[in-house]
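Report on the structure
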Amino acid sequence: MKELMFFDANCRIGDCIEAYPGVTELLADMDYYGVDKALVRHNGIAKLPLSSNREIAEMLKQYDVQQRLTGVWTILPDSCDEIPEPDEFFRQMKANRIGAITLSPFEHRYQLRRIVIGKIMDAAAERRVPVLLDAFAGQWAQLYDFLERFPENTFIYTELGGKWGSDRNIRPLLETYENFYFEIARYWVPEGIRDLAEKYGAERILYGSAFPAGNQGNGMLQLKHSGLNDADIAKIAGENLERILKGAQL
Amino acid sequence: MSGCIWNEPGSLAEKFWREGKGDFPIYDMHGHMGAHYAIYFKRCEAPEMVAHVKRIGVKRLVFSHHEALWGSVRNAQVYEICKQYPNTLRMYAGIIPQRQDQMKEDIANFDRWAPYAVGLKLLPGYHSADVMDKRYEYALAFANERKLPVLVHTWGRDMAMLEAIQKYPDVRFFIGHCCYGAWDHAIRCIKESSGNAYLELTAIPGDRGIIEKLVAGVGSEKILFGTDMPWFDEYQAVGGVLAAKISDDDKLNILSRNPERILGKDF
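Conventions used here
- Residues numbered from 1 in each chain as written.
- Chains lettered and ligands numbered in written order.
- Predicted model: local features only at pLDDT ≥ 70, side-chain atom pairs only at ≥ 80, totals over all residues.
- Pairing = 2+ DSSP bridges.
- Helix = DSSP H or I, 4+ residues; strand = E, 2+ residues; numbered from the N terminus.
- Contact = placed C-beta atoms within 7 Å.
- Axes fitted to C-alpha atoms, helices over the stretch in contact; angles between N-to-C directions.
- Left-handed = near helix turned anticlockwise from the far one by under 90°.
- Nonpolar A, V, L, I, M, F, W, Y, C, P; charged D, E, K, R; others polar.

Before going further, it helps to spend a moment on the sheet that holds strand 6 (residues 172-180) of chain B. Residue and element names in this part refer to chain B. Taken together, 8 strands build an open sheet; the order of strands is 1-2-3-4-5-6-7-8 and the sheet is parallel. Two strands lie at the open edges of the sheet, namely strand 1 (26-33) and strand 8 (223-224), each paired on one side alone. Relative to strand 4 (residues 117-122), strand 3 (residues 89-95) runs parallel, the two sharing 5 bridges. When the bridges of strand 4 are listed, Tyr92 appears paired with Gly119. Against the sheet, helix 7 (residues 159-167) makes contact with strand 5 (149-155), strand 6 and strand 7 (197-200), and its axis sits at roughly 165° relative to strand 6, the strand it touches most.

Take a look at the structure:
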């Protein structure tokens, strides 16, 4: 059997209101299921944007000694000076092993317009820093508007609740935006991974688990026996996300 | 990946990872068929569904047709579909509480649909009812008399489900989706039954730690495997059972042995 490198694109750690698994529990599950690396964001992003940015950096530094995890930071609007200017923000990301950004416009109460977040989004596009779309469950109209305004950015669609059963909304985005990547946690459509990969390219699909709500194993077997060839399975399992993160110029 | 469950020699997980199937039959006890108004399904008719489930070694898929539950297809037509796939398909007769005449006619015909019809399917939430609704009484009394399986869609804390389990002690109730989210209530439904209720896993195998909790609560002998096929991929769902931190014996009970204990090896 050819060994596969799995890089989980959809994990959350850290406490927010209630206790959630941290780095140690995540790494234990990764070992149990054979997941090599993970892209992790903090459970508290929606409620504690700035402190969760600091906390996840500290968690990675303190507990992820083998450096298997890459963090995600949230952005806030440019004009309120809550986050540094883009150059400094990305410098701090690199220094703290943060490889991607996300945003929670509905919880953080701002508009998804160029005059609000254009500066940081344009800088992310220029540097090819991936933007996670994990706050748009069921918000298809807002998501479509957002992507129309920022077509040059690299996006990873990672949200949990609205993926399955949403091919009528997902497929137009894959057709239209070449830098729109689709992560498969809870995309349980029978042989659906293969269908998407054959239609849009295996390069556009990423393995993810939705840890800690999801277990990492079910999607691994689904991908392994998706019907795709070994090269495409390897891309989806981990190579694509690794390529995207390495391509970011932080 | 060395040292992970998929590489554990002799384990079920290792066999499925390597070969794509095990050396035992899988029984998928919660299926559907046909198009759905809100969702794009590429593989929702019998030929594609049977091809999909056979990839992983499903011996029987027991299903209720979507359109039999919405009223545009009759159960007699579903029986004709099953006859085309006698080695794979079995059916639950879909019960629509708003259509009493149709329900009584279908129940009168139930024996003619042997061996394909193995039980009834109730979809109370979608039919603006609960399982204790009087309009279900005729069907449940029939199932009770015949000791038939009745698969009931549940989601959340469903008190009527517990009442029905206790009111109809000879019905084999399959609690679809395990009262999703209300796990302690689902466990209570089993513990306060007279042994006539089972938890059915559709939509759960992707969740972290839930199968473990249910097995600890009721024992793997009371849990059935299902996928809502054509809703959910068989490899995803079986993968979730294999990925649960329970014994291989528990996994075999869920995937294979329990339906045979209830319905026999050749149902």
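The subject of this paragraph is the packing of helix 1 (residues 23-33) of chain A against helix 9 (residues 216-224) of chain A. Residue and element names in this part refer to chain A. One way to put it is that helix 1 packs onto helix 9 with a least axis distance of 10 Å and a crossing angle of 35°. In this structure, helix 1 crosses over helix 9, and the sense of that crossing is right-handed. Contacts between helix 1 and helix 9 involve Asp29, Met30 and Tyr33 from the former and Gln216, Gly217 and Met220 from the latter. For the contact of helix 1 with helix 9, the class distribution of residues is 3 nonpolar, 2 polar and 1 charged.

Residue and element names in this part refer to chain A. The parallel open sheet is built from 8 strands, whose spatial order is 1-2-3-4-5-6-7-8. Of all the strands in the sheet, the pair left with one neighbour each is strand 1 (7-13) and strand 8 (205-206). In this structure, strand 4 (residues 98-102) lies alongside strand 5 (residues 131-133), joined through 2 bridges in parallel fashion. Looking at the pairing, Ile101 lines up with Val131 of strand 5.

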